[in-house]
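# Fold and contact review
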Amino acid sequence: MSHKSSEDPKPPPKPALHFASSDLPHIAPYLPSAVVATSSVKPFVTITFATSLDSSLSLAPGTQTALSGPETKAMTHYLRSQHEAILVGVGTAVADNPALNCRIEGVGLEEQPRPVIVDPSGRWLVEEDGKLAECVRLAEHGIGKGPWVLTTLQEDEINHDSRRTLERCGGQYICFPCVPKGSQNQLQWRDIIDTLGRLGVKSAMIEGGGTVINTLLEDRNLNLIDSVIITIAPVWLGEGGVLINPPRRTDEKAQPIPVARLDQVKWKQFGDDVVLCGKIKR
Ligand SMILES: NC(=O)c1ccc[n+]([C@@H]2O[C@H](COP(=O)([O-])OP(=O)(O)OC[C@H]3O[C@@H](n4cnc5c(N)ncnc54)[C@H](OP(=O)(O)O)[C@@H]3O)[C@@H](O)[C@H]2O)c1
């Protein structure tokens, strides 16, 4: 691993995004700020992603697919400015090399969300072929916060250089207890959310990808979700995409029942896309 990363030239700024204040009333009731402060340490959790008409997040696993138009892209960045953390799975971190920062005009480093990557088996590389992962590069230049990587690797299994690079930009590895060999390397969502809460995170926006959203929509995890904000783009992606298709739920007679339903629902058009906001019906 090279150590020249900190000498990378500062990335040229991407254009700042503007979210119109006239659009704010539509999403405001679904934001963490709408909730009266409680003594709960559980962070406010928003699920948000962009989907096609055939419930697909991308054309194929490992492929980044632009779905949001400029208006919903700006809305997503506004949402990022309203949450303390943005969480993605390692599938997304590897496929998209995402920046995981907020480009709304006027947002300083303090208000930037903390990137969080769920990477149980250490698949995500802090640096590859001498190039830093984009969110690390931005953090090194003070354009975003250093990422937290949630892993079941133990301290001595983590690459020294990766740890040093991550810590240099303010990030860290957060080690969860190992699960026995042979079982799925699955972290429990309750543990992930509790850990973020213990680390002082008051609100988290969970952006995907498919595995992350589908597992969060399992019955046992629904009570962790406070808001759902989905962008629906007017496009079909076709077979082979990364689908939002949570595991089937059945009743006591083994008959299929809906997995989850939203209430307090609002739909609004932003450009060519529609944004659906709601709360999980309890
Ligand atoms: N349209 C959108 O808004 C949007 C947003 C985000 C991503 N995407 C797209 O979605 C695709 C990626 O989705 P994906 O399903 O392949 O990957 P993903 O959901 O980003 O990550 C899945 C991986 O994360 C780890 N993981 C997730 N939840 C876990 C849990 N509770 N416990 C332990 N590990 C957990 C597992 O890693 P291990 O396999 O290593 O155990 C799992 O395989 C990409 O194509 C990306 O472009 C689209």
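Since this is a predicted model, take the numbers as computed values, not measurements.

Right, let's get into the overall build of the protein. Each helix and strand in the protein was counted, giving 7 helices and 13 strands. Relative to the 2.2 N^0.38 estimate, which gives 19 Å for 282 residues, the radius of gyration of the protein is 19 Å and therefore close to what a compact globule would have. Each principal axis of the C-alpha distribution contributes one length, and for the protein these read about 55 × 50 × 45 Å. Taken across its 282 residues, the protein has 49% of its residues classed as buried. Taking the intrachain contacts of the protein between residues at least 6 apart in sequence as the baseline, contacts between residues at least 24 apart amount to 76%. In the structure as shown, the protein presents an accessible area of about 14400 Å², 52% of it carried by carbon and sulfur atoms. Charge centroids of the protein, computed over 29 positive and 33 negative side chains, lie 4 Å from each other.

Per the stated rule, a full pass over the model turns up 2 aromatic pairs. When the centroid spacing of 4.8 Å and the interplanar angle of 25° are considered together, the rings of Phe19 and Tyr78 count as stacked. Note that Phe19 is positioned in the segment before helix H1 (24-27) and Tyr78 in helix H2 (residues 70-81), a separation of 59 residues in sequence. According to the relative accessible area criterion, Tyr78 is buried, its value standing at 15%.

Taken together, 30 residues surround the ligand, and among them Ala50, Thr92, Asp96, Leu187 and Thr211 come closest. Within the contact set of the ligand, a nitrogen atom lies 2.8 Å away from a backbone nitrogen or oxygen of Ala50. The backbone of Gly210 places a nitrogen or oxygen atom 3.2 Å from an oxygen atom of the ligand. Contact with the protein chains hides 86% of the accessible area of the ligand, taken as 920 Å² for the molecule alone. Secondary structure elements with two or more residues in the shell around the ligand: strand E1 (44-51), helix H3 (90-96), strand E8 (203-208) and helix H7 (210-216). With 5 residues, H3 is the largest single contributor of residues to the shell around the ligand.

Time to look at the pattern of salt bridges. Within the structure shown, the criterion is met by 11 salt bridges. In this structure, Glu134 and Arg137 form a salt bridge, with 3.1 Å as the shortest nitrogen-oxygen distance. Pair noted here: Glu134 and Arg137 are both in helix H4 (residues 134-140), with a separation of 3 residues, about one helical turn. Exposure remark for Arg137: the relative accessible area of 21% places this residue in the partly exposed category. Members of the salt-bridge network, linked through shared partners, are Glu155, Arg163 and Glu167.

As summarised here, the arrangement of the 9 strands in space is E7-E6-E3-E2-E8-E1-E9-E13-E12, forming an open sheet in which the pairing is mixed. Looking along the sheet, the strands with just one partner apiece sit at the ends: strand E7 (172-175) and strand E12 (262-270). Geometrically, the sheet is characterised by an average inter-axis angle of 20° between neighbouring strands, direction not taken into account. Pairing of strand E2 (residues 85-89) with strand E3 (residues 114-118) involves 5 bridges; the strand directions are parallel. When the sheet's bridge partners are listed, Leu87 is paired in E3 with Val116.

With respect to the helices and strands, Pro234 occurs in the loop between strand E9 (227-232) and strand E10 (249-250). Aside from chain neighbours lying at most four places away, what touches Pro234 is Leu53, Asp272 and Asp273.

About the criteria used
Residues numbered from 1 in each chain as written. Predicted model: local features only at pLDDT ≥ 70, side-chain atom pairs only at ≥ 80, totals over all residues. Heavy atoms only, no water. Helix = DSSP H or I, 4+ residues; strand = E, 2+ residues; numbered from the N terminus. Rg over C-alpha atoms; globule rule 2.2 N^0.38 Å. Buried < 20%, exposed > 50% of the residue type's maximum accessible area, 1.4 Å probe, protein only. Contact = heavy atoms within 4.5 Å. Areas by Shrake-Rupley, 256 points an atom, 1.4 Å probe, with all protein chains shown as cover. Lys, Arg positive; Asp, Glu negative; His and termini not counted. Charge placed at Lys NZ, Arg CZ, Asp CG, Glu CD. Phe/Tyr/Trp six-rings, centres within 6.5 Å; stacked < 30°, edge-to-face > 60°. Near = heavy atom within 4 Å. Polar contact = N/O pair within 3.5 Å; in protein donor to acceptor, adjacent residues only side chain to side chain. Salt bridge = Lys/Arg side-chain N within 4 Å of Asp/Glu carboxyl O. Pairing = 2+ DSSP bridges. Axes fitted to C-alpha atoms, helices over the stretch in contact; angles between N-to-C directions.

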